[in-house]
Amino acid sequence: MSRTTVATIHLGALRHNLARLKQLAAPARVMAVVKADAYGHGLERVARALDGEAEAFAVAALGDGLRLRAAGHRQRIVVLSGPDNAHDIAEMQRLQLEATIHHEAQLQWLVQAAPTRGRLRVWLKIDSGMHRLGFAPERVAAVHAQLQAMAGIDPEIGLLTHFSDSEVFDGEQTPAQIARFTEATGLFVGPRSLSNSAAVLGWPAARGDWVRSGGLLYGLSVVDGRSGADFGFRPAMTLSTQLIAINRIGKGERIGYNGTWTCPEDMPVGVAAVGYGDGYPRSAAAGTPVLIGEQRVPLIGRVSMDLITLDLRTAPAAKIGDRVVLWGAGLPVETIAAQAGTISYDLTCGMTRRVLFVEDES
Ligand SMILES: *Cc1c(COP(=O)(O)O)cnc(C)c1O
């Protein structure tokens, strides 16, 4: 294996995770959320792996829908935040992408674009309390009527909302959002979609007709202190590199930039070829584990652009050339994210261009 940092994408894990999601979400159907280059796993790669099983994809923007159609995918594709202008509407029709309508400005564009070729499928987005995208509940009836009156729009209008706190399983925000959504949409027919990954786990009352799941598809959890594996999901990414140096450093010597860590005794210090230039978080604290074989080894000192330093006292057999796993099976990315003050999604989305992506069937 080369010195390069390698992100191995496990196609079998992706398929397992989609099957597990379907099982948990049933009878609701699953939209596989593949925005942000499939949370950093590679849009085309993930879509190809799931093609036979995914009923629908969800993307953030039109460009990703275009990439999926160009790759030959025929599933339903929901654009979660578009259209972004009147021109997008014709493009969405051409590509048979489904539009999320969340703002008055988009209603104007719909009127301007007056879709006629076939019927544009739309999802009406309701702001039930996240206060990011969506119509206020009191506007929903009027907007729904306006959409229904437009000739180029499929009369079966989807109803969609998004939760701000669904990973807090005993919180009050999600029940309040469910109640607001239910009240605002009660009179309408049409498919409902409320849940993201965490809501699939924690809020069965919000299942609706379609769940929109990204994180769990990749085996990623945002539930505090729990990894995807704790819920029966498998990590779809292993990030690994190589041990390129082992040095004996004396007691009292400082390690790395600014000497943030001092050796308590004479000890072996390993150097692995990964850093924030690859997307490994600079904020990872001393003590953040890596895996060498089966052994967890703590990071010491600052993460630099190309390198990290490791306390090898617990891995005396480690040798130059050994694989070092930064996250993956046996070392949940959630653990690294917690050490770095962020969430797992942020880490997998952050792989840089010098990381070599490979796939395997596991
Ligand atoms: C990203 C996103 C999702 C998926 O969230 P996960 O936590 O990854 O499952 C669902 N719906 C919307 C609107 C989103 O932006």
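A quick note: this is a predicted structure, and the numbers were derived from the prediction, not measured. Residue numbers here run from 1 along each chain, matching the order of that chain's written sequence. Confidence filtering applies because this is a predicted model: local features only for residues at pLDDT of at least 70, side-chain atom pairs given and counted only at 80 or more, and all residues used for totals across whole chains, interfaces and linings. Processing note: side-chain calculations cover all non-hydrogen atoms of the structure and skip hydrogens and water entirely.

### Some details on the overall build of the chain
Then, in step 1: Scanning the chain from terminus to terminus reveals 11 helices and 18 strands.
Then, in step 2: Taken over the C-alpha atoms alone, the chain extends approximately 75 × 45 × 35 Å along its principal axes.
Then, in step 3: Note on contacts: a residue pair qualifies if any of its non-hydrogen atoms lie within 4.5 Å across the two residues. Considering only contacts in the chain between residues 6 or more positions apart, those separated by 24 or more positions represent 67%.
Then, in step 4: Computed by Shrake-Rupley with a 1.4 Å probe, the accessible areas treat only the displayed protein chains as cover when residues are assessed. Looking at the chain as shown, the accessible area adds up to about 15,500 Å², and 51% of this sits on carbon and sulfur atoms.
Then, in step 5: In summary, the charge assignment counts Lys and Arg as positive and Asp and Glu as negative, without counting His or the chain termini. For this purpose, a charge sits on NZ of Lys, CZ of Arg, CG of Asp or CD of Glu. Looking at charge distribution, the chain has the averaged site of its 36 positive side-chain charges lying 3 Å from that of its 36 negative ones. Runs of H or I in DSSP of at least four residues are treated as helices and runs of E of at least two as strands, each being numbered from the N terminus.

### Observations concerning the nonpolar core
Then, in step 1: Side-chain atoms within 4.5 Å link the members of a nonpolar core, which is a set of buried Ala, Val, Leu, Ile, Met, Phe, Trp, Tyr and Cys residues. To sort residues, take the accessible area from a 1.4 Å probe on protein chains only and compare it with the maximum for the residue type: under 20% means buried, over 50% means exposed, and anything in between is partly exposed. Judged by nonpolar contacts, the single largest core of 103 residues is most densely connected at Y218, Y280, I308, L310 and W327.
Then, in step 2: Excluding residues within four positions of it along the chain, I308 makes contact with G270, V271, A272, V274, Y280, V290, L299, V303 and L326.
Then, in step 3: Counting six residues, the second largest nonpolar core, distinct from the first, contains I255, W261, M267 and I300.

### Examining the domain arrangement of the chain
Where the parts come together, the accessible area they lose is often given as the size of the interface.
Then, in step 1: Boundaries of every domain are those given by an automatic assignment or by a domain database. Domains assigned within the chain are domain 1 (11-222) and domain 2 (237-360).
Then, in step 2: Just the C-alpha atoms count here: the centres of domain 1 and domain 2 sit 37 Å apart.
Then, in step 3: If you look at the interface, domain 1 gives 14 residues, while domain 2 gives 11 residues.
Then, in step 4: Here the buried area means the combined drop in accessible surface, using a 1.4 Å probe, for two parts upon being joined, counting both sides. Buried surface at the junction of domain 1 and domain 2, both sides included, amounts to about 1,100 Å², of which 56% is carbon and sulfur.
Then, in step 5: The largest per-residue losses of area from domain 1 upon contact with domain 2 belong to Y39, R45 and L220, which jointly make up 39% of the total buried on that side.
Then, in step 6: Salt bridge criterion: a side-chain nitrogen from Lys or Arg within 4 Å of a carboxyl oxygen from Asp or Glu. Inspection of the region where domain 1 meets domain 2 yields two salt bridges.
Then, in step 7: Polar contacts here mean pairs of N or O atoms no more than 3.5 Å apart (in protein, one a potential hydrogen donor and the other a potential acceptor; neighbouring residues in sequence count only if both atoms are side-chain atoms). Joining domain 1 to domain 2, the criterion identifies six residue pairs in polar contact (both at pLDDT 80 or more).
Then, in step 8: Of all the secondary-structure elements, those providing two or more residues to the side of domain 1 that touches domain 2 are α1 (11-25), α2 (35-39) and α3 (43-50).
Then, in step 9: The classification used treats Ala, Val, Leu, Ile, Met, Phe, Trp, Tyr, Cys and Pro as nonpolar, Asp, Glu, Lys and Arg as charged, and all other residues, Gly among them, as polar. Grouping the constituent residues of the side of domain 1 that touches domain 2 by class yields five nonpolar, seven polar and two charged.

### Here we look at the pairing of strand β2 (residues 29-33)
Then, in step 1: Counting buried positions along β2 yields four of five residues, so the element is predominantly enclosed.
Then, in step 2: By definition, two strands form a pair when at least two bridges between them are found by DSSP. When β2 meets strand β9 (residues 210-213), the two strands line up parallel, connected through four bridges. Its bridge partner lying in β9, R29 is registered against W210.
Then, in step 3: As judged from the three bridges shared by β2 and strand β3 (residues 56-59), these two strands associate in the parallel manner. Its bridge partner lying in β3, M31 is registered against A56.

### Describing the pairing of strand β5 (residues 98-101)
Then, in step 1: Side chains E98 and T100 of β5 all project onto a buried face; the interleaved residues A99 and I101 project onto the opposite face, where all are buried too.
Then, in step 2: Bridging between strand β4 (residues 76-79) and β5 involves two bridges; their strand directions are parallel. For V79, the partnering residue across the bridge sits in β5 and is A99.
Then, in step 3: With respect to chirality, the unit in which β4 leads through helix α5 (residues 86-95) into the neighbouring parallel β5 is right-handed.
Then, in step 4: Bridging between β5 and strand β6 (residues 122-125) involves three bridges; their strand directions are parallel. If you follow T100 over to β6, its bridge partner there is W123. Handedness rule for crossovers: strands pointing away from the viewer, path from the first strand over the helix to the second running clockwise, crossover right-handed.

### With respect to helix α4 (residues 62-70)
Then, in step 1: L62, D64, G65, L68 and R69 are the residues of α4 that are buried. Along the axis of α4, the buried positions cluster into a sector of 160°, meaning they face one direction only.
Then, in step 2: The elements touched by buried residues of α4 are α2, α3, β3, β4 and α5.
Then, in step 3: Positive backbone phi, approximately 95°, marks G72, located one or two places after α4. Regarding the arc, it is the one traced by the directions from the helix axis to the C-beta atoms.

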